[in-house]
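Chain by chain, the residues run as shown.
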Amino acid sequence: AAENIDGLDHLRLNELDQLEDDVEEDTLAAYRKKRLAELKQAKSVAKFGQVRQVTRTTFVQEVTQASANGQWVVCLLYVDALSSSHIMFGPWEQAAKKFPAVKFMRGVASEVV
């Protein structure tokens, strides 16, 4: 049963609990400890989760310097007067929630560039 441990990376903690009868306790405990450490590390990276506003004065710090330091940053530049630009706001918010390790920014193009 220990040879099945390699295929458990996709399982959640409650699914691992169900496998306790099939795998020796010490093997499962070691795997659980490793998985909890991975989840803790993933949570520490996931520090955004929302769209932030960017302006000309904050662009260099929030976008340029952050991305130079290895942080993924995506920026939506839009024209405030065009309602078609605002269509992207909903999906942009959803993407920010789905990928909290990525810094999602938005700003009025004429005020940023």
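Our subject is the structure listed above.
Parameters and conventions
- Residues numbered from 1 in each chain as written.
- Predicted model: local features only at pLDDT ≥ 70, side-chain atom pairs only at ≥ 80, totals over all residues.
- Heavy atoms only, no water.
- Helix = DSSP H or I, 4+ residues; strand = E, 2+ residues; numbered from the N terminus.
- Buried < 20%, exposed > 50% of the residue type's maximum accessible area, 1.4 Å probe, protein only.
- Contact = heavy atoms within 4.5 Å.
- Pairing = 2+ DSSP bridges.
- Axes fitted to C-alpha atoms, helices over the stretch in contact; angles between N-to-C directions.
- Core = buried A, V, L, I, M, F, W, Y, C linked by side-chain atoms within 4.5 Å.

**Q** A description of the overall build of the protein should follow, citing residues and the corresponding values.
**A** Secondary structure assignment for the protein yields six helices and three strands. Taken from the N to the C terminus, the helices and strands of the protein come in the order α-α-β-α-β-α-α-β-α. Taken over 113 residues, the protein has a buried fraction of 24%. Long-range contacts, defined as pairs at least 24 residues apart, comprise 63% of the intrachain contacts of the protein with a sequence gap of at least 6.

**Q** Could you give me a rundown of the sheet that holds strand S2 (residues 73-78), with the residues and numbers involved?
**A** Strands sit in the order S1-S3-S2 across an open sheet of three strands; the sheet is parallel. Either end of the sheet is taken by a strand with one partner, and the two such strands are strand S1 (51-53) and S2. Averaged over all neighbouring strand pairs, the angle between strand axes comes to 30°, with direction disregarded. Relative to strand S3 (residues 103-108), S1 runs parallel, the two sharing three bridges. Note on S3: the bridge partner recorded for glutamine 53 is arginine 106. Along the sheet face, helix H3 (residues 56-68) touches S1, S2 and S3 and points at about 140° away from the line of S2. Running over the sheet, helix H5 (residues 89-98) touches S1, S2 and S3 and is turned about 155° from S3.

**Q** Tell me about the nonpolar core, and please be specific about residues and values.
**A** With eight residues, the main nonpolar core is built from Val51, Leu76, Tyr78, Phe89, Trp92, Ala96, Phe104 and Val108. Taken together, the elements giving at least two residues each to this core come down to S2, H5 and S3. The greatest single-element share of this core, amounting to three residues, is contributed by H5. Excluding residues that lie within four positions of it along the chain, tyrosine 78 makes contacts with Gln53, Ser85, Phe89, Arg106, Gly107, Val108 and Ala109. One finds Val54, Val73, Met105 and Val112 within the second-largest nonpolar core, a separate group that totals six residues.

From the geometry alone we can't say anything about function, so treat these as descriptive.
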